[in-house]
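Listed here are the chains, written in short residue letters.
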Amino acid sequence: MPEKPRPSNDQPRWLTPAERETWQQFAMMLHRLPAALGAQLQQDADLSYIEYYVLAGLSDQPEHRMRMSDLAVLANSEQSRLSHMISRLERRDFVRREPDPTNGRYTLAILTEAGHAHLVEAAPAHVARVRDLVFDVLDPAELDNLRTAAEKISERIDHWEQRK
């Protein structure tokens with residue numbers, strides 16, 4: 001995706017009042033939505049928002065296993081922070097670690113039967129909250145626009161990350 005050119009006098013392109021209002025609403029939603037979902041997960045399933053998504057990410061993988069390095073990318077987490085979280089999940093018997101049999105330099109995180117059962121039990125209430133907070137307040141055209149906007153923003157983020 002090409003970058004928008006800057007004005008020739010190299011002055012910043014300040015946000016218009018409408019852009020500023022949109023940005024403020026969007027930033028507030030980005031902050032509040034994970035907190036609202038996390039509160040529900042904590043109350044109903046004794047899981048943090050990120051713990052739920054780590055378990056869900058593992059459940060989506062073949063044999064419910066994933067390299068820790070790949071899981072860190074999925075969770076948008078540093079390796080050390082993810083390792084501490086996995087340790088907490090191991091103590092609850094939701095996850096176990098073992099060396100990757102294809103390359104011993106890597107460690108696999110594996111969703112246990114207990115972890116899968118807990119996730120299956122937690123998912124309906126979580127999906128209901130997602131539906132209530134996001135899908136039920138938007139009509140089909142707004143959902144299409146939201147998906148398109150999210151895809152474009154993610155592509156732009158990927159573009160900037162590739163430039164690093």
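In this text, all values refer to a predicted model and were calculated from it rather than measured experimentally.

(A) Representation of the overall build of the protein chain. Secondary structure assignment for the protein chain yields six helices and three strands. The N-to-C order of helical and strand elements in the protein chain reads α-α-β-α-α-β-β-α-α. A globule of 164 residues ought to have a C-alpha radius of gyration of about 15 Å, yet the protein chain, at 20 Å, is considerably larger. Considered along the principal axes of its C-alpha atoms, the protein chain spans approximately 55 × 40 × 25 Å. For the protein chain, long-range pairs separated by at least 24 residues make up 55% of all intrachain contacts whose partners lie at least 6 apart in sequence.

(B) Molecular detail of the nonpolar core. If you look at the biggest cluster of nonpolar residues, it comprises 23 residues, and the most contacted ones within it are Val 54, Ile 86 and Leu 89. For this core, the secondary-structure elements that each account for two or more residues are α1 (17-45), α2 (49-59), α3 (68-74), α4 (79-91), β3 (107-111) and α5 (113-133). Those residues in contact with Leu 89 that lie beyond four places of it in its chain are Leu 47, Glu 51, Val 54, Leu 55, Phe 94 and Val 95.

(C) Broad picture of the packing of α2 against α5. For the pair α2 and α5, interaxial distance at closest approach is 10 Å and the crossing angle is 115°. Considering the angle they form, α2 stands roughly perpendicular to α5. Viewed along their axes, α2 and α5 form a crossing whose handedness is left-handed. Seen from α2, the contacting residues are Tyr 52, Tyr 53, Leu 55, Ala 56 and Ser 59; seen from α5, they are His 116, Leu 119, Ala 122, Ala 123 and His 126. Among the residues forming the contact of α2 with α5, the class breakdown is seven nonpolar, three polar and no charged.

(D) The arrangement of the packing of α2 against α4 in detail. For the pair α2 and α4, interaxial distance at closest approach is 11 Å and the crossing angle is 80°. Classified by the interaxial angle, the pair formed by α2 and α4 is roughly perpendicular. Residues Ile 50, Glu 51, Val 54 and Leu 55 of α2 form the contact with α4, whose participating residues are Leu 82, Met 85, Ile 86, Arg 88 and Leu 89. Class assignment for the residues of the contact of α2 with α4 results in seven nonpolar, no polar and two charged.

(E) Region of the structure containing unusual backbone geometry. The phi angle at His 64 is positive, at roughly 55°, despite the residue not being glycine. Here His 64 shows up in the loop between α2 and β1 (65-67). Unusually for a residue other than glycine, Asn 76 sits at a positive phi of about 50°. For Asn 76, the position within the fold is in the loop between α3 and α4.

(F) How the structure looks around the pattern of salt bridges. Counted according to the given criterion, the structure contains eight salt bridges. A salt bridge links Arg 65 to Glu 98; its shortest N-O distance comes to 3.4 Å. Of this pair, Arg 65 sits in strand β1 while Glu 98 sits in strand β2 (residues 95-99), and the two are 33 residues apart along the sequence. Classification of Glu 98 by relative accessible area gives partly exposed; the value is 26%. Two residues, Arg 97 and Glu 90, come together in a salt bridge whose shortest N-O distance is 2.9 Å. Looking at Arg 97, the relative accessible area reads 25%, which means it is partly exposed. By relative accessible area, which is 28% here, Glu 90 ends up partly exposed.

The rules behind these values
Residues numbered from 1 in each chain as written. Predicted model: local features only at pLDDT ≥ 70, side-chain atom pairs only at ≥ 80, totals over all residues. Heavy atoms only, no water. Helix = DSSP H or I, 4+ residues; strand = E, 2+ residues; numbered from the N terminus. Rg over C-alpha atoms; globule rule 2.2 N^0.38 Å. Contact = heavy atoms within 4.5 Å. Core = buried A, V, L, I, M, F, W, Y, C linked by side-chain atoms within 4.5 Å. Buried < 20%, exposed > 50% of the residue type's maximum accessible area, 1.4 Å probe, protein only. Axes fitted to C-alpha atoms, helices over the stretch in contact; angles between N-to-C directions. Parallel < 35°, antiparallel > 145°, perpendicular 65-115°, else oblique. Left-handed = near helix turned anticlockwise from the far one by under 90°. Nonpolar A, V, L, I, M, F, W, Y, C, P; charged D, E, K, R; others polar. Salt bridge = Lys/Arg side-chain N within 4 Å of Asp/Glu carboxyl O.

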